[in-house]
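The residues making up each chain are set out below.
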Amino acid sequence: MSSVLNQDPAFENIPSIKAKTLRINLNPVIYGTFAEIGAGQETARHFFRSGGASGTIAKAMSAYDKNFSDAIYGTEKDGRYVTQSRLEKMLGHEMHLMEERISREDHPDRLFFTYANTVATIDFSKRYKGHGWVGIMFQLDPKQKEYDEIILHLRFKQNEARLQQETLGIVGVNLIYGAFYKYNKPRKLLKYLYDHLDKDTVEFDMVNFNGPNFKNVDNRLMSLQLIRNDMTDAVMFGPDGNNLLPAAVLYKKNILALRGSFRPVTKVNMDMFQKSYDIFIREQTVEEENTIVMFEITLSNLRASGEIDEQDFMDRAELLCSLGTTVLISKFQEYYKLVEYLGNFTKARIGLTMGVNNLVEIFDEKYYRHLSGGILEAFGKLFFKDLKVYLYPMKNPETGQIMTSNNIKVHPRMKELYKFFKYNGKVMDIIDYDPEIMDIFSRDVLKKITSGEKGWEMMLPEGVAEIIKKKKLFTKHTIEEKEEV
């Protein structure tokens, strides 16, 4: 690790953007290129203005013309330019040129980096606020063979292109500075992206850390930080543990979502998922190849004891990933907010899989008192889209009666409203459920695991119990802190 990165402690708490760029420019070993497409040379401009840029910037460029851009970086299959694939091609291409054109024999101590962004700012009609991909590929040791990489996606909230350009420039400076001087504190690095910015100017809804110096960073945990820091409303990660951009995954897709605590995921959860999926893909408007299924956990479900338990979150994430599922973590306590969010990305069919208790709660007026239109406003948002609820039955613990959409009890004032949605086909019963597993509840399984009782293994999907035992999940151990929180 280059000791030069840790020198000059007088700069540690300097707040200004100029101070950040100047510290990098005056560092004799940091050297790289800027490739910015879509909003101007906003980040490079800060480095040029602060002075001493000749020792830091090998090249700054913008390939605005699509033909020029394609000639340099190649074409995208989908024909789009503001994508993660485009950003990665830009980073890889520019770093290759750095290695090819800057002699290591002449510059053995230099730390190479490439900063890139591909961005669409707000359009003239102001219908689309704008978004972009921003990333840096860099090294912290000149002998480092594999590069480190930080990639993030942002959404602008401002209504002027000029303001969005200024925001992008500041984000770029914060990212480059963080990469070299806060790389060992990735949580703080995320917070520092908002240095000199208000949170109502930009949203960060995806970030991935990769490379040898981030081998101990779990991107799922970084995804959780985006939610905890109020940087976004929802984040997503795939079975491989890497964060995904919800907009890219959900775009124009048929979506089936199953909400739960998954603490741990049980046979009932998997039966709910499989049986509802079988119904969902048989819907007339649904194409299986254009369908995404996701398990969703609300932030309130992560607050097991008032505060978010990170180890508990990681335990759940570990199991869900092992089952090959895509996971969405959201702030949406009410279902209508989740549907409203998903509706931003698709006009296709949306399905919600839920148990009887959840459906009864949806018809509880207390959750909608903050809305001027009350429960009617919420239901307008919930069922306005092409949405259907797939209802998993529940056994009444007192009477043993199987509760379905035909005999559930909602508040007397809500009966006619419920009938309206029921008779219009918005609620569909899952009838081929497994009656042998209806007595399984996550809370009971968790209690058995933590108390050391036997017999809980049979309540979980195949292979899950083995993972829990091998990795000692859901015990009282805590995440080893490798950095300051």
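See the structure above.
None of the values given here were measured: they were computed from a predicted structure. (Residues numbered from 1 in each chain as written. Predicted model: local features only at pLDDT ≥ 70, side-chain atom pairs only at ≥ 80, totals over all residues. Heavy atoms only, no water.)

(A) Up close: the sheet that holds strand β3 (residues 111-120). Taken in spatial order, the 6 strands make up an open sheet running β2-β1-β3-β4-β5-β6, and their pairing is mixed. In this open sheet, the two edge strands, each paired with only one partner strand, are β2 (57-61) and β6 (202-210). Averaged over all neighbouring strand pairs, the angle between strand axes comes to 10 degrees, with direction disregarded. Strand contacts of helix α2 (residues 42-50): β1 (30-37), β2 and β3, with the helix running at about 140 degrees to β1, the strand carrying the most contacts. Of the strands in this sheet, β1, β3, β4 (131-138), β5 (148-156) and β6 are in contact with helix α5 (residues 161-181), which crosses β4 at around 25 degrees. (Pairing = 2+ DSSP bridges. Helix = DSSP H or I, 4+ residues; strand = E, 2+ residues; numbered from the N terminus. Axes fitted to C-alpha atoms, helices over the stretch in contact; angles between N-to-C directions. Contact = heavy atoms within 4.5 Å.)

(B) Quick peek at the nonpolar core. Counting residues in each nonpolar core, the largest one holds 95 residues, and the members touching the most others are Ile150, Phe180 and Phe204. Looking at this core element by element, the count peaks at 10 residues for α5. Beyond its immediate sequence surroundings of up to four residues, Phe204 is in contact with Leu152, His153, Leu154, Val171, Leu193, Tyr194, Leu226, Met231 and Thr232. Residues Leu87, Ala116, Met354 and Val356 belong to the second largest nonpolar core, which totals 64 residues. (Core = buried A, V, L, I, M, F, W, Y, C linked by side-chain atoms within 4.5 Å. Buried < 20%, exposed > 50% of the residue type's maximum accessible area, 1.4 Å probe, protein only.)

(C) Up close: the pairing of strand β13 (residues 387-392). Most of β13 sits inside the fold, with 6 of its 6 residues counted as buried. Of the two faces of β13, both are covered, the one formed by Leu387, Val389 and Leu391 as well as the one formed by Lys388, Tyr390 and Tyr392. In the sheet, β13 pairs with strand β16 (residues 427-429) via 3 bridges, with the strands oriented parallel. Paired with Tyr390 across the strands is Met428, a residue of β16.

(D) Region of interest: the layout of surface pockets. In this model, the largest pocket occupies a volume close to 1,400 Å³. Lining the largest pocket are 41 residues; nearest its centre among them are Tyr128, Arg155, Ala247, Asn344 and Phe345. Broken down by class, the residue content of the lining of the largest pocket amounts to 17 nonpolar, 12 polar and 12 charged. Here the second largest pocket is characterised by a volume of approximately 1,200 Å³. (1 Å grid on protein atoms, 1.4 Å probe; cavity = no way out; pocket = protein on both sides within 12 Å on 5 of 7 lines; lining within 4 Å. Points joined across faces, edges and corners; volume = space filled by probe spheres on them. Nonpolar A, V, L, I, M, F, W, Y, C, P; charged D, E, K, R; others polar.)

(E) Local environment of the packing of aromatic side chains. Under the criterion given, the structure shown has 24 aromatic pairs. Geometrically, the ring pair formed by Phe262 and Phe295 is tilted, given 5.1 Å between the ring centres and 45 degrees between the ring planes. One end of the pair, Phe262, is in the loop between β9 (254-259) and α9 (267-280); the other, Phe295, is in strand β10 (residues 291-298), and 33 residues separate them in sequence. Assessed through its relative accessible area of 2%, Phe262 is described here as buried. When its relative accessible area of 1% is taken as the criterion, Phe295 is described as buried. An angle of 40 degrees between the planes, with centres 5.1 Å apart, marks the rings of Phe332 and Tyr341 as tilted. Both residues of the pair, Phe332 and Tyr341, belong to the buried class. Grouped by ring-pair contacts, the aromatic residues Phe34, Phe47, Phe113, Tyr115, Phe138, Phe180, Phe209 and Phe214 constitute a single cluster. It is Arg104 that lies over the ring of Phe112; its NZ or CZ is 4.0 Å from the centre. (Phe/Tyr/Trp six-rings, centres within 6.5 Å; stacked < 30°, edge-to-face > 60°. Lys NZ or Arg CZ within 6 Å of the ring centre and 35° of its normal.)

(F) Focus on the pairing of strand β7 (residues 234-237). Burial of β7 is two-sided: the residues Ala234 and Met236 facing one way and the residues Val235 and Phe237 facing the other way are all buried. Here β7 pairs with strand β11 (residues 326-330) via 4 bridges, running antiparallel. What sits directly across from Val235, in β11, is Ile329. Direction of pairing for β7 relative to strand β8 (residues 243-244): antiparallel, over a ladder of 2 bridges. Residue pairing across strands places Met236 opposite Leu244, the latter belonging to β8.

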